[in-house]
There are 2 protein chains.
Amino acid sequence: MFPSLVLSSPVVCIPCTYVYSTASTHRVRAPRRRVFPRLGVHNAVQQHTYSKENDDVLANSILSNGKVTKIAHQLLRSCVRADDVVVDLTCGRGTDTLLFLELVKADGLIVSLDIQQEALDITRRRIREEFCEHISDEAERKKIEERVYFARTCHSVFESVVDGIAEKKGKKKSETNEIEIGAITMNLGYLTGKDTDKSIVTRTRTTLEALDKASKLLRVGGLITICCYRGHEGGSEETDAVLDFVSRFPPEITVTKIDVLNRSGPVLLSCYRQR
Amino acid sequence: MFPSLVLSSPVVCIPCTYVYSTASTHRVRAPRRRVFPRLGVHNAVQQHTYSKENDDVLANSILSNGKVTKIAHQLLRSCVRADDVVVDLTCGRGTDTLLFLELVKADGLIVSLDIQQEALDITRRRIREEFCEHISDEAERKKIEERVYFARTCHSVFESVVDGIAEKKGKKKSETNEIEIGAITMNLGYLTGKDTDKSIVTRTRTTLEALDKASKLLRVGGLITICCYRGHEGGSEETDAVLDFVSRFPPEITVTKIDVLNRSGPVLLSCYRQR
């Protein structure tokens, strides 16, 4: 159904889309500690963490801190399997991709997209800094970095990118010859940060296109999370359009909206395929 | 601040309000199994359950079944302490009161209100059937039944009922001479069931009065859950009024709305005092 790409190496160009691995060597700023220093970084990458501690974070995130991005991560933790195909539709500063690196093992597949080179660079850098700094073996380090496939492209064409990489990796397809996806994350709006270009924002049309495809490729037990921001120009209209769109998802997908009413902040949509 | 009641026995009448314990002896229908049969019923009443299993239920409730009443219960589990004062503002068919009996020990206080005698009777019966049936010792059984204080009254005056009972029980008051409450639950609408009077519904004015008081008496770390139904006459207006009201709660209370968009059902509001 989708055009498949033949990837000859981790670095491959297709029209308007750059697919490459994270095998970069540059280091820009001091590494930041991840939340699991005691586990050892390599260990944290390999294991599928679903502990009591994580669960407490879910209740706590809903009750007290109201950070919907944190709620989204806790929900993803309870869905993502070690061998899943997972897609970060808008990698931004890399938060979701880093979570995927924690949850998905080498027999899975992580694809990370963004329209801006800067977002891909930031994410790639964070992987090096937060996942690889303690690993002395260069080959081992490279192996982790290369586990994320990046593509500089619009999220509306994500399925062709995923399809091409999945074919190369020999991932099993569904009966209808499609790649089933375990988790898809989407953070609408612009790339946050001090010196980023806030005029580059997600657009309603392409966002809905991506969501439509995402809902069709999701495996049973898989999850789409969407963080919608209203603050920027066009954000409110896009959020309303997305809300309207997911409200009409078929009943086999449970669409839940989580929203902190007495604070400004994003709205979280959780779309879970239950059958 | 609130008029206190002098309760001379578990069964006390105050104007328009009947406060009594659950020491009834009638049995109406076959007992139903609770979800924790293996723990032993008495044990289940005594322990504060916050296990991995319960946490899975929280993620699962949000993702798949979309039952906001279940989400509410999981959030309550992570807030309620064994020695808390807890209030079921509209006991209905007793679901929240039964949860409180599971979470709050003898040094706590459970108050259960409803405007309809039928709701109180149903709840009282369920306690007998689902918590006491396996206890052979009549005195032991009575001790559990008497742990819930019932009041047939409007939820808008709950604080005077709670104040009276708490004083009798010698519960510690706050510096401003008020009883601090750990959890308050509210299910709007009518009493569900086959032969119930659906014309008796919660009213916006008294609901907002109750909510205003609830928000002021909540201890730090305490939770109000509200399930809003829109289906019945006036339900939509009441829900909108409640949403508007809680949206203006001060920032120290995190107000989260959880709503399944592609199914009809109630909306859950979680109001958690974080400082």
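Residues numbered from 1 in each chain as written. Chains lettered and ligands numbered in written order. Predicted model: local features only at pLDDT ≥ 70, side-chain atom pairs only at ≥ 80, totals over all residues. Heavy atoms only, no water.

Asker: Could you clarify how one ought to interpret the pairing of strand β3 (residues 85-88) of chain B in this entry?
Answerer: On a regular strand, one side chain projects to one face of the sheet and the next to the other, so that they alternate. All names here are of chain B. Of the two faces of β3, the one lined by Val85 and Val87 and the one lined by Val86 and Asp88 are each fully buried. Pairing between β3 and strand β4 (residues 109-114): 4 bridges, direction parallel. Looking at β4, one finds that Val87 is bridged to Val111. In this sheet, strand β6 (residues 181-187) lies alongside β3 in parallel orientation, the contact comprising 3 bridges. Across the sheet, the residue bridging to Val86 is Ala183, located in β6. (Buried < 20%, exposed > 50% of the residue type's maximum accessible area, 1.4 Å probe, protein only. Helix = DSSP H or I, 4+ residues; strand = E, 2+ residues; numbered from the N terminus. Pairing = 2+ DSSP bridges.)

Asker: Explain the interface of chain A and chain B here, please?
Answerer: Note on interface size: it is often stated as the accessible area lost on association of the parts. Between chain A and chain B, the residue contacts involve 35 residues of the former and 35 residues of the latter. Carbon and sulfur atoms supply 60% of the area that chain A and chain B bury against each other, a total of about 2900 Å² over both sides. Its largest share of buried area at the contact with chain B, chain A owes to Leu63, Leu261 and Asn262 of chain A, together 25% of the area lost on that side. For the pair chain A and chain B, the interface holds 18 residue pairs in polar contact (both at pLDDT 80 or more). Looking at the side of chain A that touches chain B, the elements with two or more residues in it are α2 (52-65), α9 (235-247), β8 (253-260) and β9 (267-273) of chain A. When the residues that make up the side of chain A that touches chain B are grouped by side-chain class, the tally is 20 nonpolar, 9 polar and 6 charged. Both β8 of chain A and strand β8 (residues 253-260) of chain B contribute to a ladder of 5 bridges, which runs antiparallel. Across the sheet, Asp259 of chain A pairs through a bridge with Lys257 of chain B, a residue of β8 of chain B. (Contact = heavy atoms within 4.5 Å. Buried area = accessible area lost by both parts, 1.4 Å probe. Polar contact = N/O pair within 3.5 Å; in protein donor to acceptor, adjacent residues only side chain to side chain. Nonpolar A, V, L, I, M, F, W, Y, C, P; charged D, E, K, R; others polar.)

Asker: I would appreciate a short explanation of unusual backbone geometry in the present structure.
Answerer: Note on backbone geometry: most residues besides glycine have negative phi, and most peptide bonds are trans. Located in the positive-phi region is Asn177 of chain A, a residue other than glycine, with phi close to 65 degrees. By the element assignment, Asn177 of chain A lies in the loop between α7 (158-169) and β6 (181-187).

Asker: Explain the environment of Asp114 of chain A here, please?
Answerer: Residue and element names in this part refer to chain A. Mapping Asp114 onto the fold places it in strand β4 (residues 109-114). Along the sequence, Asp114 and Cys91 sit 23 residues apart, while their C-alpha atoms lie 5.6 Å from each other. Filtering out sequence-adjacent residues up to four positions away, Asp114 remains in contact with Thr90, Cys91, Gly92, Ala119, Leu120, Ala151, Arg152 and Thr153. Of the polar contacts made by the side chain of Asp114, one reaches the backbone nitrogen of Gln116; its length is 3.1 Å.

Asker: Any chance you could explain the side chain of Arg128 of chain B here in plain terms?
Answerer: Summarising the element assignment, Arg128 of chain B is placed in helix α5 (residues 117-132). Engagement of the side chain of Arg128 of chain B in a polar contact is seen with the side chain of Glu145 of chain B, the distance being 2.4 Å.

Asker: I keep staring at the packing of helix α8 (residues 204-217) of chain B against helix α9 (residues 235-247) of chain B and nothing clicks. Help me out?
Answerer: Think of two packed helices as two axes; the pair is described by the angle between the axes and how far apart they sit. Residues and elements named next belong to chain B. Interaxial distance between α8 and α9 falls to 10 Å at its minimum, and their mutual angle equals 25 degrees. Relative to α9, α8 is oriented roughly parallel. The handedness of the crossing between α8 and α9 is right-handed. Facing Thr204, Thr207, Leu208, Leu211 and Asp212 of α8, the residues of α9 in contact are Glu238, Ala241, Val242, Phe245 and Val246. Class assignment for the residues of the contact of α8 with α9 results in 6 nonpolar, 2 polar and 2 charged. (Axes fitted to C-alpha atoms, helices over the stretch in contact; angles between N-to-C directions. Parallel < 35°, antiparallel > 145°, perpendicular 65-115°, else oblique. Left-handed = near helix turned anticlockwise from the far one by under 90°.)

Asker: What exactly am I supposed to notice about the packing of helix α3 (residues 68-77) of chain A against helix α4 (residues 95-103) of chain A here?
Answerer: Residue and element names in this part refer to chain A. Between α3 and α4, whose axes approach to 11 Å, the crossing angle comes to 25 degrees. Overall, the two elements α3 and α4 adopt an arrangement that is roughly parallel. You can see that α3 and α4 cross each other, and the crossing is right-handed. Counted together, His73, Leu76 and Arg77 of α3 and Thr95, Asp96, Leu99, Glu102 and Leu103 of α4 form the full contact between these two elements. Grouping the amino acids of the contact of α3 with α4 by side-chain chemistry returns 3 nonpolar, 2 polar and 3 charged.

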